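# Structural characterization, general
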Amino acid sequence: MRNIGIIGTGFYVPAKTLTNKDISKFLDTDDEWIYNKVGIKERRIASDHEATSDLAIYAAQNALFNAGLNPLDVDLIVLATSSPDMIQPSTAAIVQGKIGARNAAAFDISAVCAGSVYAITVAENMMRANPKYKNVLVIGSETYSRILDWTDRNTAVFFGDGAGALVLSDVSEQYGIKNTFIMNDGRGASVIQFQGGGSRYPATKDTLERKLHRFEMQGKLVWDFATKIFPEAIRKVTEEINKKIEDIDLIISHQANINIIKKGLNELNLDMSKTFTNIEKYANTSGASIFIALAEANEKGLLKKGSNVCLVAFGGGLSYGAIYLIW
Ligand SMILES: CC(C)(COP(=O)(O)OP(=O)(O)OC[C@H]1O[C@@H](n2cnc3c(N)ncnc32)[C@H](O)[C@@H]1OP(=O)(O)O)[C@@H](O)C(=O)NCCC(=O)NCCS
């Protein structure tokens, strides 16, 4: 039985910052509402020449450097995104070509804001099933600034651009990923959506004018779903391996809303010292948020060798999941 763990992390966020105050100049909103309701102060926005794949490349290179590997050591790239460069090919394929990971297979995972836990789970499961996958690069990268409707205050204020990455490899027995759990509730598939090329309503001038081709989110339904599954998913991955909630040293949650995280922790009788958040400066970077938070927490030395770490994510699909690992 292999023990697979994280041997390197990295992240990249674009330089351009868009504050709540900047947004309030063109949208009927204000800093107080956004900060109180969601916990965001500002977000990063990709420059015109930066694609989702570009953000992913910087994050991936940082993670490989942190792991002490070079691109030729990578056997597989799994990339979570719901704002890919293109529908075809995968963003992972573009990244693989540009970083020169010539020995790697590459594909994308589409699980929206739970993309991070899905991608790590799929990568880890593939490694367990096949010993030839020794070093796997797992990436989350998003440019929601490109798919948001900037005239809609119900969605535009929530998101930001960014990418994070990690490298999975063999680690010694006491460390690594101990349990994974991914699930979906497709009854809520229309709660968060953005049309692709195969939808019933192609992006013609007419559908664009009727605003059919744009990112949509029913915020309150997401709240109900996320606050319910947050403690549930964490309990499941923890109790299945006979660990207790009190054993967890650090929870890294998908950065959707600080109030979802507070409520989730409260349900678990944990306080905010048990989590690391960066939603205030980067907003919700969807499939990238856990990778970015993990890399930043690592950079700050918050992840100690032997720490019990729990990842939890939720989002469009409605997809969700959690991972329990020993750092
Ligand atoms: C959306 C959300 C913040 C709403 O919180 P809430 O406490 O239910 O909000 P309230 O009912 O107090 O406020 C809603 C009002 O604020 C208004 N509003 C929405 N966006 C606003 C904004 N950016 N600025 C100011 N007002 C806004 C709404 O129009 C609504 O006004 P109305 O009551 O006149 O219709 C909350 O449900 C949430 O965080 N959901 C999860 C969203 C999320 O995390 N998405 C990411 C998915 S992974």
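All residue numbers refer to position in the chain's written sequence, counted from 1. It should be noted that, the model being predicted, local features are given only for residues of pLDDT at least 70 and side-chain atom pairs only at 80 or more, the latter also being counted only at that level, while totals for whole chains, interfaces and linings use all residues. For the side-chain quantities, the full set of heavy atoms in the structure was used; hydrogens and water were omitted.

What follows deals with the overall build of the chain. In this text, helices come from DSSP runs of H or I with a minimum length of four residues, and strands from runs of E with a minimum of two, each type numbered from the N-terminal end. When its secondary structure is counted, the chain shows 11 helices and 13 strands. Throughout, radius of gyration means the C-alpha value; the globule benchmark is 2.2 Å times the number of residues raised to the power 0.38. For the chain, the C-alpha radius of gyration of 19 Å lies close to 20 Å, the compact-globule estimate for 327 residues. Only protein chains enter the accessibility calculation, which uses a 1.4 Å probe; a residue is then buried when its area is under 20% of its type maximum, exposed when over 50%, and partly exposed in between. Within the chain, the proportion of its 327 residues that are buried is 56%. For the chain, restricting intrachain contacts to residue pairs at least 6 apart in sequence, the fraction spanning at least 24 positions comes to 77%. Note on charges: Lys and Arg go in the positive column, Asp and Glu in the negative column, and His and the chain ends are not counted at all. Throughout, a charge is located at the NZ atom of Lys, the CZ atom of Arg, the CG atom of Asp or the CD atom of Glu. When the 35 positive and 36 negative side-chain charges of the chain are each reduced to one mean point, those points stand 1 Å apart. Note on contacts: a residue pair qualifies if any of its non-hydrogen atoms lie within 4.5 Å across the two residues.

Let us now look at the sheet that holds strand 7 (residues 161-170). In this scheme, strands are said to pair when DSSP sees at least two bridges between them. The strand order across the open sheet formed by five strands is 1-7-6-4-5, and the pairing between neighbours is mixed. With partners counted over all chains shown, the strands left at the sheet margins are strand 1 (4-12) and strand 5 (105-109), one partner each. With strand direction ignored, the average angle separating the axes of adjacent strands in the sheet is 20°. Two elements, strand 4 (residues 76-80) and strand 5, share five bridges in a ladder whose sense is parallel. Note on strand 5: the bridge partner recorded for I77 is A106. Note on geometry: axes are C-alpha line fits, over the in-contact stretch for helices, and angles between N-to-C directions span 0 to 180 degrees.

Right, let's talk about unusual backbone geometry for a bit. In this model, Q88 is joined to P89 through a cis peptide bond whose omega is -5°. With respect to the helices and strands, the residue P89 is situated in the loop between strand 4 and helix 4 (91-99). That bond from G317 to L318 is cis: its omega, -10°, falls within 30 degrees of zero. Mapped onto the fold, L318 is located in the loop between strand 12 (308-315) and strand 13 (319-326). In the Ramachandran plot, V112 falls in the positive-phi region, its phi being about 50° despite a non-glycine side chain. Structurally, V112 can be placed in the loop between strand 5 and helix 5 (115-129). Of note, N242 is a non-glycine position whose phi angle comes to about 60°, a positive value. Structurally, N242 is set in the loop between helix 8 (219-239) and strand 11 (250-253).

What follows concerns the sheet that holds strand 11. Across the sheet, which stays open at both edges, the four strands sit in the order 8-13-12-11 with mixed pairing between neighbours. Each end of this open sheet is capped by a strand with a single partner; those strands are strand 8 (176-184) and strand 11. The sheet shows a mean angle of 15° between the axes of neighbouring strands, taken without regard to direction. When strand 8 meets strand 13, the two strands line up antiparallel, connected through eight bridges. Within strand 13, the residue paired with F181 across the bridge is A322. Sheet strands touched by helix 11 (residues 289-299): strand 11 and strand 12. Its angle to strand 11, the strand with the most contacts, is close to 145°.

The description of two helices packed together rests on the angle between their axes and the distance between the axes. Taken N-terminus to C-terminus, the directions of helix 8 and helix 9 (residues 258-267) make an angle of 40°; their axes are 9 Å apart at the nearest point. Looking at the two axes, helix 8 sits oblique to helix 9. In this structure, the crossing between helix 8 and helix 9 has a hand that is right-handed. Of the residues in helix 9, those touching helix 8 at W223, A226, T227, F230, P231 and R235 are N259, I260, I261, K263, G264, L265 and E267. Residue composition of the contact of helix 8 with helix 9, by class: seven nonpolar, three polar and three charged. Any angle from 65 to 115 degrees is called roughly perpendicular, while one under 35 is roughly parallel, one over 145 is roughly antiparallel, and all others are oblique. By definition, any crossing whose near helix is turned counterclockwise from its far helix by less than a right angle is left-handed, and any crossing with a clockwise turn is right-handed. Residue polarity is assigned by list, with Asp, Glu, Lys and Arg as charged and Ala, Val, Leu, Ile, Met, Phe, Trp, Tyr, Cys and Pro as nonpolar; anything else, Gly included, falls into the polar class.

One broad trend across soluble globular proteins is that nonpolar side chains are buried collectively. Counting 50 residues, the largest nonpolar core has F215, F230, I234, I251 and F314 as its most contacted members. Elements with a contribution of two residues or more to this core: helix 2 (31-38), helix 8, helix 9, strand 12 and strand 13. Ranked by residue count, the leading element in this core is helix 8, at eight residues. Note that the domain bounds reflect an automated or database-derived domain assignment. Composition of this core by domain shows at least three residues from each of domain 1 (4-173) and domain 2 (177-326). Apart from residues no more than four positions distant in its own chain, F314 is found in contact with C113, A114, F225, A226, I229, F230, S253, H254, A256, I260, S319 and Y320. Here, nonpolar core means buried Ala, Val, Leu, Ile, Met, Phe, Trp, Tyr and Cys residues that are tied together by side-chain atoms lying within 4.5 Å of each other. By size, the runner-up hydrophobic cluster in this structure holds 35 residues, among which are I177, F276, I290 and L303.

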